[in-house]
Amino acid sequence: MADDIELARLIARGDAAAFRVLVDREARYLYGIAHALAGNAAEAEDLVQETFVAVLAGRFRGESSLRTWLVQILVRRAGMLRRSAWRRRVRTSLDGGQTDHPATEVATPSQTLGTEARLDLATMLECLSPEHRAVIVLREVEGLTYEEMAEALGVPRGTIESRLHRAREAMRKRFRGYLQ
Amino acid sequence: MTCERTHEIHRYHDGELSPTERSAVESHVTACAECRRLLAELRGLSLLISRMPRTVLPEVVLRRLSECRHAATDRAVLRIAGWMTAAAAAVLIGALLIRQPVVGGETNHRPSVWETVAVTPTPPSEAADGPNSELVLAQWMADDLSWQSSGDLR
Ligand SMILES: [Zn+2]
């Protein structure tokens, strides 16, 4: 943690070498999350870049590890970008836009006229709200524990659990044909 | 969904239970068809996601990110400019255009007030207090960019 604070301090002072150390250490990890959240390469790159800019601006205070803090910023940025697009598609409920798309079941490969219709992660996550997308990516793709997710997203553990369970519920309904 | 233990099934699947709780869930699952099905589907879902190709960071993107210190701040500026009135944006973009490219990449880069503002994740609708405050912010950012620019030339 002390190393993280020192690294962030050097970066905020304009140390290019320190910045490259950070990028080498965290870019792959952040890009994986960003790509899953955004669903495309261009937006993923923008998200990672904006996340690194926060370090340049000297906003890291060392309350958590630098990685956790970076994930926190990345997920929030991704959520903001997505939320406006999301609102256009789904009428939000009173609980703050956590409603997922109605569970229209997606055809399984065998049902789609002999084509090799491969499901990809971006397609799977499309049906989820930004909040639900984030917990699925952090849990199922990155393997974070409930505690780690709560820290990264800055919400109580109970909220993480209910989001995760509801997100999975939506995905189970929609992709049932793939789960056997 | 009728069984009230479904939340425990998620926790079990996620490895979030103590050994005692795990055994309790295991014996429940043998007796409850609903939870058995849920557990099978959770495993199916995790397996499906784990088999999807992982996104690899392209080398060219890694290089761009390593060199993004200035590009990134400029982009943040442009993004902010997009939220502003035309007058405020003009001040700001003008300042970007006259800024000299950095030689060698090593400068006395000083995080400034506007950069902190620029990367503060506040949606434009909430950030904007009106055209005047935007103009003030733009002038602020422009002044700071000129300072950086003169610093680079030293
Ligand atoms: Zn049960």
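Here is a short report on the structure shown in this document. Worth saying up front: this structure is predicted, and the values here are computed from it rather than measured.

### Notes on the nonpolar core
Ranked by size, the top nonpolar core spans 69 residues in total, and within it Phe-52, Met-124 and Met-171 of chain A carry the most contacts. At 13 residues, helix H2 (residues 16-38) of chain A tops the list of elements feeding residues into this core. The residue makeup of this core includes at least three contributed by each of domain 1 (6-51) and domain 2 (57-108) of chain B. If we skip the residues at most four places from it in the chain, Met-171 of chain A touches Met-124, Leu-125, Leu-128, Ile-136 and Arg-176 of chain A together with Leu-45 and Ile-49 of chain B.

### Here's the deal with the interface of chain A and chain B
Many analyses report the size of an interface as the accessible area lost when the parts associate. Across the contact, 52 residues belong to chain A and 47 residues belong to chain B. Summing both sides of the interface, chain A and chain B together bury roughly 4,500 Å²; the carbon and sulfur share of this comes to 59%. If you sort the residues of chain A by the area they bury against chain B, Gln-49, Arg-172 and Leu-179 of chain A come out on top, with a joint share of 13%. The tally of links between chain A and chain B comes to eight salt bridges. For Asp-14 of chain B, the salt bridge is made with Arg-139 of chain A, and the minimal N-O distance between the two is 3.0 Å. At the junction of chain A and chain B, the tally comes to 15 residue pairs in polar contact (both at pLDDT 80 or more). Counting only elements with at least two residues in the side of chain A that touches chain B, the list comes to H2, helix H3 (41-56), helix H4 (66-89), helix H5 (121-125), helix H6 (130-141) and helix H8 (157-174) of chain A. Residue composition of the side of chain A that touches chain B, grouped by class: 25 nonpolar, six polar and 21 charged.

### Overview of the coordination of the zinc ion
All names here are of chain B. The protein atoms that coordinate the zinc ion are Cys-3 (SG), His-28 (NE2), Cys-32 (SG) and Cys-35 (SG), at distances spanning 2.1 to 2.3 Å. For the zinc ion, all donor residues lie on one chain, and their spacing in sequence is C-x24-H-x3-C-x2-C. Judged by relative accessible area, which is 16%, His-28 ranks as buried. Residue classification places Cys-32 among the buried positions, given a relative accessible area of 13%.

### Some points on the packing of aromatic side chains
All names here are of chain A. Tallying each qualifying case throughout the model produces three aromatic pairs over all chains. Between Phe-19 and Phe-52, the aromatic rings sit 5.9 Å apart at their centres with planes inclined by 80°, giving edge-to-face as the arrangement. Linking Phe-19 in helix H2 with Phe-52 in helix H3, this pair joins segments that are 33 residues apart in sequence. Classification of Phe-52 by relative accessible area gives buried; the value is 0%. With a centroid separation of 5.2 Å and an interplanar angle of 65°, the aromatic rings of Phe-60 and Trp-69 are classed as edge-to-face. Just as Phe-60 is buried, Trp-69 falls in that class too. The ring of Tyr-29 is capped by Arg-67, whose NZ or CZ atom sits 3.8 Å from the centre of that ring.

Parameters and conventions
- Residues numbered from 1 in each chain as written.
- Chains lettered and ligands numbered in written order.
- Predicted model: local features only at pLDDT ≥ 70, side-chain atom pairs only at ≥ 80, totals over all residues.
- Heavy atoms only, no water.
- Core = buried A, V, L, I, M, F, W, Y, C linked by side-chain atoms within 4.5 Å.
- Buried < 20%, exposed > 50% of the residue type's maximum accessible area, 1.4 Å probe, protein only.
- Helix = DSSP H or I, 4+ residues; strand = E, 2+ residues; numbered from the N terminus.
- Domains from an automatic or database assignment.
- Contact = heavy atoms within 4.5 Å.
- Buried area = accessible area lost by both parts, 1.4 Å probe.
- Salt bridge = Lys/Arg side-chain N within 4 Å of Asp/Glu carboxyl O.
- Polar contact = N/O pair within 3.5 Å; in protein donor to acceptor, adjacent residues only side chain to side chain.
- Nonpolar A, V, L, I, M, F, W, Y, C, P; charged D, E, K, R; others polar.
- Donors = N, O, S within 2.8 Å, 3.2 Å for Na, K, Ca; no water.
- Phe/Tyr/Trp six-rings, centres within 6.5 Å; stacked < 30°, edge-to-face > 60°.
- Lys NZ or Arg CZ within 6 Å of the ring centre and 35° of its normal.

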